[in-house]
Amino acid sequence: MCTNKKYTLSDEIVDYINECLSKEHPESYLIAILHKVQGIYGFLSEIHLDEVAHLLQVPTANVYGVATFYHYFRLKPRGQFAISVCMGTACFVKGADSVLTSFKSELGIDMGETTSDGLFSLEGTRCIGVCALAPVVTINDRVYSNVVSQQVSQILNEIKAAERV
Ligand code: FES
């Protein structure tokens, strides 16, 4: 069993990993562990990935491999405004791809990235259950419906203007 003295991970995570180590095939809990880390810290930092590897006694490359394979995992902190473009079938068919392309080009970032000022992050999401409103974009808790790529700069400008007030 490992103590948490030399780790930056929370006691809760370290205890959970120790619990996993007491089970058969502890490495099979890697995804669950990463979910917990992201749930607490909002993203998976390098130091936390290294610590998970050390605590779970698996190669660091394995942990990075899983963290980078699944789109769900974020390796950078989210921006103040987390933009999610729904890439479910209904939204995709109605042009979500070009909406996403507009966000990428307006913000100068790719999926999973955050702008250098920390204001916006961009990600894709699966169907959020409001297909009749496709294409759909969520920004934090707000849902934007029937979005077209020409609206993207206006949406971003409105958010920036509200931030300046
Ligand atoms: S596919 Fe986008 S809300 Fe259902």
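As a reminder, the structure under discussion sits directly above these lines.
Procedures and definitions
- Residues numbered from 1 in each chain as written.
- Predicted model: local features only at pLDDT ≥ 70, side-chain atom pairs only at ≥ 80, totals over all residues.
- Heavy atoms only, no water.
- Buried < 20%, exposed > 50% of the residue type's maximum accessible area, 1.4 Å probe, protein only.
- Helix = DSSP H or I, 4+ residues; strand = E, 2+ residues; numbered from the N terminus.
- Contact = heavy atoms within 4.5 Å.
- Pairing = 2+ DSSP bridges.
- Core = buried A, V, L, I, M, F, W, Y, C linked by side-chain atoms within 4.5 Å.
- Axes fitted to C-alpha atoms, helices over the stretch in contact; angles between N-to-C directions.
- Expected span 1.5 Å × (residues − 1).
- Arc of directions from axis to C-beta.
- Phe/Tyr/Trp six-rings, centres within 6.5 Å; stacked < 30°, edge-to-face > 60°.
- Lys NZ or Arg CZ within 6 Å of the ring centre and 35° of its normal.

## Description of helix α3 (residues 46-56)
Since the α-helix turns once every 3.6 residues, residues separated by three or four places project in the same direction. When α3 is considered as a whole, its buried residues turn out to be H48, L49, E51, V52, A53, L55 and L56. Those residues of α3 that are buried lie in contact with α1 (11-21), α2 (30-41) and α4 (60-69). Downstream of α3 by one or two residues, Q57 has phi in the positive range, about 60 degrees.

## A word on the pairing of strand β1 (residues 81-86)
The element β1 is extensively covered by neighbouring structure, given that six of its six residues are classed as buried. Inspection of the sheet shows β1 paired to strand β2 (residues 120-125) by six bridges, in the parallel sense. By the bridge assignment for β2, F81 is matched with F120. Looking at chain direction, β1 and strand β3 (residues 137-139) are connected through three bridges and run antiparallel. Bridge pairing links V85 to V137 in β3.

## Observations regarding the nonpolar core
Among the nonpolar cores identified, the biggest contains 24 residues, and I83, V85, F103, F120, V137 and I139 are the most heavily contacted of them. Of all the secondary-structure elements, those providing two or more residues to this core are β1, α6 (96-107), β2, β3 and α7 (152-164). For this core, the element with the most residues is α6, which contributes five residues. The residues contacting I83, other than those within four sequence positions of it, are F103, L107, F120, S121, L122, E123, V137, T138, I139 and L156.

## Details of the side chain of S121
Assignment of secondary structure puts S121 in strand β2. Each residue touching S121, except ones within four places of it in the same chain, is listed here: R78, G79, F81, A82, I83, I109, E113 and T114.

## Brief notes about the sheet that holds β3
Strand order in the open sheet made by the four strands is β2-β1-β3-β4, with mixed pairing throughout. What marks the edges here is a single partner per strand, and that holds for β2 and β4 (142-144). On average, each strand axis in the sheet is tilted by 20 degrees relative to the strand beside it, whichever way the strands run. Set on the sheet, α6 makes contact with β1, β2 and β3; between it and β1 the angle comes to about 150 degrees.

## Concerning α7
A rise of 1.5 Å per residue sets the reference length of α7, with its 13 residues, at 18 Å; its end C-alpha atoms lie 19 Å apart and thus fit the reference within 8%. Listed in full, the buried residues belonging to α7 are V152, I155, L156 and I159. Taken end-on, α7 shows its buried residues confined to a sector of 95 degrees, consistent with a single buried face. On its buried side, α7 packs onto β1, α6, β2, β3 and β4.

## Re the packing of aromatic side chains
Counting across every chain of the model gives four aromatic pairs. Residues Y72 and F73 carry aromatic rings whose centres are separated by 5.4 Å and whose planes lie at 70 degrees to one another, so their mutual orientation is edge-to-face. What makes Y72 partly exposed here is its relative accessible area of 46%. For F73, a relative accessible area of 7% puts it in the buried group. Through a chain of ring-to-ring contacts, three or more aromatic side chains come together here, namely F69, Y70, Y72 and F73. The residue whose ring lies beneath K36 is Y16, and the NZ or CZ to ring-centre distance is 4.8 Å.

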